[in-house]
Amino acid sequence: MEYIVEIKDLSKDYETGFWRKKKVRALDGLTLNVRPGQIFGFLGGNGAGKTTTIKILMSLLFPTEGSAKILGSDISDVSMHSRIGYCPENPYFYDYLTANELLDYFGQIFGYDTAKRKQLTDELLTAVGLEEKSRSRQLRKFSKGMQQRVGLAQALVNDPEIVFLDEPMSGLDPVGRREIRELIVSLREKGKTVFMSTHILSDVEALCDEVAILRGGRLAATGSLSELLSTGNEQRAFELLIGGVASEQMRNAVSGINGAKVLTKPAGTAIEVQNESDIDAVIAAARTCGGKIISVNPVSLSLEDLFVEAKNR
Amino acid sequence: MSNGPLHRIFVIALNTFREAIRDRVLYNLVLFVLLITASAILLGDLTDGHEARTIVNIGTNAMLLFGAFISIFVGVGLVSKEIEKRTVFAIFAKPVNRAEFIVGKYLGLCLTLLVNVAVMAVGVTLALLYVGSGALAAGIWPTVYLIFLELCILTAVAILFSSFSTPALSALFTFCIFVIGHLSASLRELGNALGSAFAKYVLTAVYYLLPNLSLFSFRTEAANAMVPNAAMLLGGTAYAVVYIAILLTVAVIIFSRRNFK
């Protein structure tokens, strides 16, 4: 199978207003393919359409237009759900159950016998770092982070081939985030595919093989992280850091250089130029003012820049 | 490893029953037991030898009212609470289709009602034995069965409304159906008596559309030591099964089209 998730021209309109006649397009013609065995990052600002997409894939929402397949089956095929896992954003479960009972319940849904359910429950709650003493407490007494851990555990009950995680790090403290990152990496090592939406770009940089960035319900960029960053870096600016001279003096000295930006930094004055050919002119201007060249660096594109660019495009 | 639709329905039903137990739905039994005990002990003197009849009257009517309360208020929350609290998200990401979910939730509440009604009936039976009316004690069980069937229909009505409406409106609609359902035969007679063809058609349509709950009403007769005959029990069962099947089918069709934002 070349692609484990195939999304084609997927759109979703929400009907609003008292008579439900007004329509708001949350997702607009999204086409996206995900290869198996990788961690796929699904990025976008608030309201970009990430959760809508995942909910359509989970058959919680029905698309207005378009189609999608998971593991080669149409998303309307509920039997395919025996091979996938899903942890919703800010998950919430039956609060009258304990963590042990919840996982046991989902194990029963999949038809596992008592011994297997017990083993799975122990393994998964350990894997997500839920302390043993918390496992027999009702979920109504759980913090947001603990609910998140239970959410991740229940998504893995059936040993899924692909797991969809909607903001999996939400509500977790730094230690919890690291544990969940390790869990996600271990899933990839076992050959699973992870499709995760997140706002936390450092997690994306640390985990994801490929990403897609959504903007206003549309696909703004997609590809491997290295590909996206190198494409964006083809024509990047350069930054020169100059010491021993006042920022204002440097601003006047480089005013003739087209597109030069002057910033005051703790270590000195930073001048950003758009063309490599302008570097010599800045160095000459700095020397004229009695300044000292501290460093000259290309300004490389970060994922954050890419994210912001995609958002603003 | 069994993993068919029936297995999943059974698992969901058992979890719904567990939810009802943990949400203390069956606490109403304590009130009921107090009511029956008080009736057995106190009413003997007041009703001049008719204490057994009074116990059956109070017992069976309380069974219906307490049960209707559970059917309506727990029934309308069965589905809406799952949507509001977003617990459906994880369920529907599992291989559970919406029909299995609705039927499982429904059967779970019916199981709760069965336990509730059965415990109440045992309480009434013990109270009747206490006042020395063994024959009446055995005779109330078919009436209790009819009450249970009525509650099953009412629960299906509550689920149908809650599949598309808010809990408050669903509770109101279901309560109205409960009241009108006991008067539906009168509605038909009213249609015939009015003399207007239009009124007759409308009221006859309402008669057939709404559940005829008077079919399950045998409480007054039971207090007079009468027992529903086999035709009434079988007819009532068939009517309830068909009516519930139709209500749940419509609920499933509506619920299957719902988006969970």
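Since the model is a prediction, treat every value here as computed from it, not as a measurement.

Tallying secondary structure elements over chain B gives 12 helices and 0 strands in all. Sequence-ordered secondary structure for chain B, helices as α and strands as β, is α-α-α-α-α-α-α-α-α-α-α-α. Relative to a compact globule of 261 residues, whose C-alpha radius of gyration would be 18 Å, chain B shows 20 Å and is just as compact. In chain B, buried positions account for 51% of the 261 residues. Within chain B, residue pairs in contact and separated by at least 24 positions form 79% of the contacts whose partners lie at least 6 positions apart. As presented, chain B carries roughly 11,700 Å² of accessible surface, and 72% of it is formed by carbon and sulfur atoms. Here chain B contributes 17 positive and 11 negative side-chain charges, whose respective centroids are spaced 16 Å apart.

So, about the nonpolar core. Core analysis: the biggest nonpolar cluster contains 161 residues, and Met58, Ile70 and Phe164 of chain A have the highest contact counts within it. It is helix α7 (residues 141-162) of chain B that contributes the most residues to this core, 15 residues altogether. Contact partners of Ile70 of chain A, with chain neighbours within four places excluded, come to Ile4, Leu57, Met58, Ile75, Met80, Ile84, Ile162 and Phe164 of chain A. Residues Met250, Val273, Ala285 and Ala286 of chain A belong to the second largest nonpolar core, which totals 16 residues.

All right, on to a nonpolar patch on the surface then. All names here are of chain B. A surface patch of nonpolar side chains, about 380 Å² in accessible area, is lined by Val122, Leu126, Leu129 and Trp141. Take Trp141: it is sitting in helix α7. Residue Trp141 is classed as partly exposed on the basis of its relative accessible area, which comes to 35%.

Take the domain arrangement of chain A next. By domain assignment, chain A separates into domain 1 (5-231) and domain 2 (235-312). Domain 1 of chain A and domain 2 of chain A are separated by 42 Å when their C-alpha centres are compared.

Attention now moves to the interface of chain A and chain B. Across the contact, 36 residues belong to chain A and 34 residues belong to chain B. Taken together, both faces of the contact between chain A and chain B bury some 3,100 Å²; the carbon and sulfur share is 58%. Considering only the side of chain A, the residues that lose the most area to chain B are Leu60, Tyr96 and Ile109 of chain A, jointly responsible for 22% of the buried surface there. At the junction of chain A with chain B, the criterion picks out 2 salt bridges. Asp95 of chain A is paired through a salt bridge with Lys85 of chain B; the nearest N and O atoms lie 3.3 Å apart. Joining chain A to chain B, the criterion identifies 16 residue pairs in polar contact (both at pLDDT 80 or more). Ranked by residues supplied to the side of chain A that touches chain B, first place goes to helix α2 (residues 99-109) of chain A with 5 residues. Partitioning the side of chain A that touches chain B into residue classes produces 20 nonpolar, 8 polar and 8 charged.

All names here are of chain A. Under the counting rule described, the total for this entry stands at 1 cavity of 30 Å³ or more. In this structure, the largest cavity occupies an estimated 30 Å³ of space. Contributing to the lining of the largest cavity are Leu103, Gly107, Tyr112, Arg117, Leu120, Thr121, Leu124 and Val157. Elements that contribute at least two residues to the lining of the largest cavity include exactly α2 and α3 (114-127). When residues of the lining of the largest cavity are assigned to their parent elements, the largest contribution, 4 residues, is made by α3. Each residue belonging to the lining of the largest cavity can be placed in one class, and the counts come to 5 nonpolar, 2 polar and 1 charged.

Next up on the list: the pattern of salt bridges. Residue and element names in this part refer to chain A. The tally for this structure, following the rule as stated, stands at 24 salt bridges over all chains. Asp28 is the partner of Arg25 in a salt bridge, and the nearest nitrogen-oxygen pair spans 3.2 Å. Its relative accessible area of 35% is what places Arg25 among the partly exposed residues. For the salt bridge of Arg35 with Glu210, the shortest nitrogen-to-oxygen distance reads 2.8 Å.

Before going further, it helps to spend a moment on helix α1 (residues 50-57) of chain A. Residue and element names in this part refer to chain A. Most of α1 is tucked away, with 7 of its 8 residues classed as buried. By the burial criterion, the buried members of α1 are Lys50, Thr52, Thr53, Ile54, Lys55, Ile56 and Leu57. Ser59 sits one or two residues past α1 and shows a positive phi near 65°.

Taken as a whole, the largest pocket holds about 490 Å³ of empty space. Along the wall of the largest pocket there are 22 residues; nearest its centre are Glu15 and Arg20 of chain A together with Arg258, Asn259 and Lys261 of chain B. Of all the elements in the fold, those that place two or more residues in the lining of the largest pocket are β1 (5-16) of chain A together with α3 (51-84) of chain B. For the lining of the largest pocket, the element with the most residues is β1 of chain A, which contributes 4 residues. Residue composition of the lining of the largest pocket, grouped by class: 7 nonpolar, 7 polar and 8 charged.

Quick look at unusual backbone geometry now. All names here are of chain A. Despite not being glycine, Asp9 shows a phi value in the positive range, around 50°. Its place among the elements puts Asp9 in strand β1. Looking at Asp9, the relative accessible area reads 43%, which means it is partly exposed.

On to α2 of chain A, then. An α-helical turn contains 3.6 residues, so a residue and the one three or four places further along point in the same direction. Counted residue by residue, α2 of chain A has 9 buried out of 11 residues, so it is predominantly covered. In this fold, the buried residues of α2 of chain A make contact with α3 and α4 (144-155) of chain A together with α1 (5-22) and α4 (87-92) of chain B. At the C-terminal side of α2 of chain A, Gly111 of chain A shows a positive phi close to 80°.

Analysis parameters
- Residues numbered from 1 in each chain as written.
- Chains lettered and ligands numbered in written order.
- Predicted model: local features only at pLDDT ≥ 70, side-chain atom pairs only at ≥ 80, totals over all residues.
- Heavy atoms only, no water.
- Helix = DSSP H or I, 4+ residues; strand = E, 2+ residues; numbered from the N terminus.
- Rg over C-alpha atoms; globule rule 2.2 N^0.38 Å.
- Buried < 20%, exposed > 50% of the residue type's maximum accessible area, 1.4 Å probe, protein only.
- Contact = heavy atoms within 4.5 Å.
- Areas by Shrake-Rupley, 256 points an atom, 1.4 Å probe, with all protein chains shown as cover.
- Lys, Arg positive; Asp, Glu negative; His and termini not counted.
- Charge placed at Lys NZ, Arg CZ, Asp CG, Glu CD.
- Core = buried A, V, L, I, M, F, W, Y, C linked by side-chain atoms within 4.5 Å.
- Patch = residues over 30% accessible without salt bridge, like charges linked within 9 Å, V, L, I, M, F, W, Y side chains within 5 Å.
- Salt bridge = Lys/Arg side-chain N within 4 Å of Asp/Glu carboxyl O.
- Domains from an automatic or database assignment.
- Buried area = accessible area lost by both parts, 1.4 Å probe.
- Polar contact = N/O pair within 3.5 Å; in protein donor to acceptor, adjacent residues only side chain to side chain.
- Nonpolar A, V, L, I, M, F, W, Y, C, P; charged D, E, K, R; others polar.
- 1 Å grid on protein atoms, 1.4 Å probe; cavity = no way out; pocket = protein on both sides within 12 Å on 5 of 7 lines; lining within 4 Å.
- Points joined across faces, edges and corners; volume = space filled by probe spheres on them.

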